[in-house]
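One letter stands for each residue in the lines below.
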Amino acid sequence: MIPVFVLGYYSGSQNISINSGSYTAQGNNTRSAQVYVRSVSAPGRLSVGSRSRHSPLKERRKNSQVARFCVFLTVRAMPDSIAAGPRKRGRPVSELHGLRKARGAFFTPPEICSYIAEWAIRSGDDHVLEPSCGEAAFLLEAANHLRKHGPRDLFLQNQLHGIEIHNASADAARVALARSGFEASIRTSDFFDEAPKRQFNAVIGNPPYVRYQQHTGGARAKSLEAALAEGVRLNGLASSWAAFVVHAARFLKPDGRLGLVLPAELLSVNYAAPVRRFLLQRFGRVRLVMFENLVFPGVLEEVVLLLAEGSGGANSFEVYQARDVAGLAAIKAGSWKEHRPEDGAKWTPALLEPSIFDLYQRLCNEGLETLATWGQTYLGAVTGNNDYFSLSREQAAKRGLKASELERISPPGSRHLRGHRFTDAAWEAMAESGARCWLFYPRRAPSAAAEQYIAKGQKAKVHEAYKCTVRSPWWRVPLVKCRTCF
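Residues numbered from 1 in each chain as written. Predicted model: local features only at pLDDT ≥ 70, side-chain atom pairs only at ≥ 80, totals over all residues. Heavy atoms only, no water.

### Examining the pairing of strand E12 (residues 252-263)
Strand residues, when the strand is regular, have side chains that alternate between the two faces of the sheet. Within E12, 9 of the 12 residues are buried, leaving the element largely enclosed by the surrounding structure. Two strands pair when backbone bridges link them, and E12 and strand E14 (residues 303-309) are joined in this way by 7 bridges, in the antiparallel orientation. Each residue of the ladder has a partner; that of Gly259, found in E14, is Leu307. (Buried < 20%, exposed > 50% of the residue type's maximum accessible area, 1.4 Å probe, protein only. Helix = DSSP H or I, 4+ residues; strand = E, 2+ residues; numbered from the N terminus. Pairing = 2+ DSSP bridges.)

And the structure:
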């Protein structure tokens with residue numbers, strides 16, 4: 001925890017002068033501590049650091065430029081890491097990056113944080129909640145947009161609220177806010193343990209994305225119960241974000257605003273149908289911002305921005321398609337496209353122009369058949385790591401693997417499947433060209449060469465992939481029956 005102590009207050013009509021930089025706070029108990037001044041505003045509050053109570057400041061000047069302020073001075077403790085110097089606004093604490101990535105969370109681009117905060121903040125008196133706040137990227141932007149709504153003494157502890165389950169991230173959030181001259185109420189807690197109070201004008205953030213395979217046990221039970229409390233019944237395939245959306249809405253005032261970064265699967269997956277129905281029943285207006293390009297560096301997951309507000313229900317939702325985060329700046333001048341979905345239907349048709357979607361529906365009704373008419377379709381073998389399990393002829397020979405430890409496969413991907421048939425001759429031609437046409441598949445006890453290859457996989461942590469952890473032994477891929485068309 002970061003200790004925060006109020007040393008004293010200054011109140012008066014005259015100006016006093018102080019520099020940005022480092023100072024010594026000398027207490028009545030003769031103890032002193034180095035403090036750091038991030039910035040000085042006029043009029044406003046000044047955050048610096050020390051551990052002594054009711055202590056005067058003894059100034060140690062660092063430069064010749066003197067900033068003036070008046071009316072109110074608050075001295076608060078900051079760790080030495082803050083005094084290392086200013087950092088870019090809204091960025092997470094760098095040393096927490098590895099910790100957050102390890103648990104499946106990724107940093108939201110600052111342009112998205114700023115856009116959602118600007119949309120959600122309508123008044124300088126708004127109260128804002130960021131559940132699962134991480135390092136407070138959204139709260140920082142909310143604080144800055146609150147400040148833009150008029151000159152005011154921004155203390156904001158009663159207006160900015162965050163909930164974070166991880167102690168280290170909660171501490172980092174407090175540090176990040178303090179560095180920017182703000183203070184918020186950050187609770188270390190599981191969001192699903194929080195009893196909802198409809199007290200917030202805006203709930204904003206980026207919910208954690210945990211797939212159903214890892215979203216298990218008590219965490220899953222709490223999330224499903226929270227969604228059910230709002231009348232939303234989710235099935236066993238629901239990822240963590242689905243219940244998060246429903247629970248977050250329970251903290252809003254009736255005219256409040258919900259701005260979240262969500263996986264694009266909101267539009268299409270069956271388990272999200274209750275969430276789609278809930279959004280249109282709960283809010284008076286629902287808007288989605290979609291992106292043509294991936295916007296999270298190093299993450300392949302497509303996302304949408306959910307902007308929902310008001311109450312009373314809506315018959316339709318609106319969509320805006322931006323190329324990337326830079327396109328967010330042009331949304332005000334752009335046109336939103338309205339789509340009226342059927343009850344429980346997927347929202348993906350909103351991606352099409354209305355005339356094209358009408359043509360698609362006519363074709364479906366008049367001249368097309370479903371694949372189910374011709375037979376059953378399903379996934380082929382799922383390895384968990386194609387680069388490891390699929391081998392070229394040369395790779396298999398170099399490893400010394402026996403023919404009985406290999407299975408012929410259609411190489412990963414579908415670019416080579418461009419006709420009605422995939423023949424033996426086509427397979428042989430691909431094998432000769434170096435394609436990965438063999439699957440590592442020891443049927444019995446592995447040979448010495450296979451044991452070495454298994455050890456290589458364990459060293460590379462291949463066995464820790466989810467699909468490998470749910471089978472025994474991890475290196476034997478479950479095969480599917482070869483269907484008639486092959």
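### Quick notes on the sheet that holds E14
Spatially, E10-E9-E8-E11-E12-E14-E13-E15-E16 is the arrangement adopted by the 9 strands of the open sheet, whose pairing is mixed. The two strands at the open ends of the sheet, each matched to only one other strand, are strand E10 (185-188) and strand E16 (337-339). Across this sheet, the average inter-strand angle for adjacent strands is 20°, counted without regard to direction. Pairing analysis gives 6 bridges linking strand E13 (residues 285-291) to E14, with the strands arranged antiparallel. Residue Met290 lies in a different strand from E14, and its bridge partner there is Val304. Contacting E12, E13, E14 and strand E15 (317-322), helix H7 (residues 273-282) crosses the sheet at an angle of about 150° to E12. (Axes fitted to C-alpha atoms, helices over the stretch in contact; angles between N-to-C directions. Contact = heavy atoms within 4.5 Å.)

### Re the sheet that holds strand E18 (residues 406-408)
Pairing between the strands of a sheet comes from backbone hydrogen bonds, and it takes one of two forms, parallel or antiparallel. Taking strand neighbours across the sheet as the criterion, the 3 strands line up as E17-E19-E18 in an open arrangement whose pairing is antiparallel. Where the open sheet ends on each side, the last strands, each with one partner, are strand E17 (390-391) and E18.

### Examining the pairing of strand E8 (residues 128-131)
Of the two faces of E8, the one holding Val128 and Glu130 and the one holding Leu129 and Pro131 are both buried throughout. Judged from the 4 bridges that link them, E8 and strand E9 (residues 160-164) form a sheet pairing that is parallel. Paired with Leu129 across the strands is His161, a residue of E9. Where E8 and strand E11 (residues 200-205) come together, 2 bridges link them in parallel fashion. Across the sheet, Leu129 pairs through a bridge with Val203, a residue of E11.

### Quick look at the pattern of salt bridges
Across all of its chains, the model carries 17 salt bridges by this definition. As a salt-bridge pair, Glu230 and Arg198 come within 3.6 Å of each other at their nearest N and O atoms. Taken as a pair, Glu230 in the loop between helix H5 (217-228) and helix H6 (240-249) and Arg198 in the loop between E10 and E11 lie far apart in primary sequence, 32 residues in all. Residue Glu230 is classed as partly exposed on the basis of its relative accessible area, which comes to 25%. Notably, a salt bridge pairs Lys461 with Glu464, separated by 4.0 Å at the nearest N-O pair. One network of salt bridges, in which partners are shared, links Asp190, Asp193 and Lys222. (Salt bridge = Lys/Arg side-chain N within 4 Å of Asp/Glu carboxyl O.)

### Overview of the environment of Ile331
Along the chain, Ile331 turns up in the loop between E15 and E16. Ignoring any residue separated from it by four or fewer positions in sequence, one finds Ile331 in contact with Tyr115, Val289, Tyr320 and Trp336.

### Observations regarding H6
Counting buried residues in H6 gives 10 out of 10 residues, a clear majority hidden from the surface. Every buried residue of H6 is listed here: Ser240, Trp241, Ala242, Ala243, Phe244, Val245, Val246, His247, Ala248 and Ala249. Buried residues along H6 sit in contact with E8, E11, H5, E12, H7 and E14.

### Digging into the packing of helix H2 (residues 110-120) against helix H3 (residues 137-148)
Think of two packed helices as two axes; the pair is described by the angle between the axes and how far apart they sit. Relative to each other, H2 and H3 sit at 50°, their axes nearing to 8 Å. By the criterion of interaxial angle, the relationship of H2 to H3 is oblique. Between H2 and H3 the crossing geometry is right-handed. Note on element contacts: H3 touches H2 through Ala137, Phe138, Glu141, Ala142 and His145, opposite Pro110, Ile112, Cys113, Ser114, Ile116, Ala117 and Glu118. Residues that form the contact of H2 with H3 fall into these classes: 8 nonpolar, 2 polar and 2 charged. (Parallel < 35°, antiparallel > 145°, perpendicular 65-115°, else oblique. Left-handed = near helix turned anticlockwise from the far one by under 90°. Nonpolar A, V, L, I, M, F, W, Y, C, P; charged D, E, K, R; others polar.)

### Observations concerning the confidence of the model for the protein chain
In the predicted model, the protein chain carries a mean pLDDT of 77, and the fraction of residues at 70 or more is 73%. A low-confidence stretch, residues 1-99 (pLDDT under 50), is modelled with 204 contacts involving residues beyond four sequence positions or located in other chains. (pLDDT = per-residue confidence, 0-100.)

### With respect to the environment of Asp190
Mapped onto the fold, Asp190 is located in the loop between E10 and E11. What makes Asp190 buried here is its relative accessible area of 16%. A C-alpha to C-alpha distance of 9.1 Å links Asp190 and Ala219, two positions 29 residues apart in sequence. In contact with Asp190, other than residues within four places in its own chain, are Ile165 and Lys222. Here the side chain of Asp190 touches Phe192 through a polar contact of 3.0 Å, landing on its backbone nitrogen. (Polar contact = N/O pair within 3.5 Å; in protein donor to acceptor, adjacent residues only side chain to side chain.)

### Notes on the nonpolar core
The tendency in soluble globular proteins is for nonpolar side chains to be buried as a group. Core analysis: the largest hydrophobic core is formed by 45 residues, its most contacted members being Trp241, Val245, Leu258, Leu279 and Leu306. Residue assignment for this core shows that the elements contributing at least two residues are E11, H5, H6, E12, H7, E13, E14 and E15. Sorting elements by how many residues they give to this core places H6 first, with 8 residues. Leu258 has contacts with Trp119, Val203, Val245, Ala248, Ala249, Leu252, Phe283, Leu306, Leu307 and Ala308, leaving out every residue within four places of it along the chain. If you look at the next biggest cluster of nonpolar residues, it comprises 42 residues, including Tyr115, Cys133, Leu307 and Val325. (Core = buried A, V, L, I, M, F, W, Y, C linked by side-chain atoms within 4.5 Å.)

### So, the environment of Ser433
Position of Ser433 among the secondary structure elements: in the loop between helix H11 (424-432) and strand E19 (438-440). Residues Ser433 and Ser392, spaced 41 residues apart in sequence, show a C-alpha to C-alpha distance of 9.0 Å.

### A short note on the side chain of Glu265
Structurally, the position occupied by Glu265 is in the loop between E12 and H7. Judged by relative accessible area, which is 12%, Glu265 ranks as buried. Within the local environment of Glu265, its side chain forms a polar contact with the side chain of Trp241, the two groups lying 3.1 Å apart.

### Here we look at the packing of aromatic side chains
Considering all chains together, one arrives at 14 aromatic pairs under this definition. Judged by centre distance (5.7 Å) and plane angle (55°), the rings of Tyr320 and Trp336 are tilted. Of this pair, Tyr320 sits in strand E15 while Trp336 sits in the loop between E15 and E16, placing them 16 residues apart in sequence. In this structure Tyr320 comes out as buried when scored by relative accessible area, which is 13%. (Phe/Tyr/Trp six-rings, centres within 6.5 Å; stacked < 30°, edge-to-face > 60°.)

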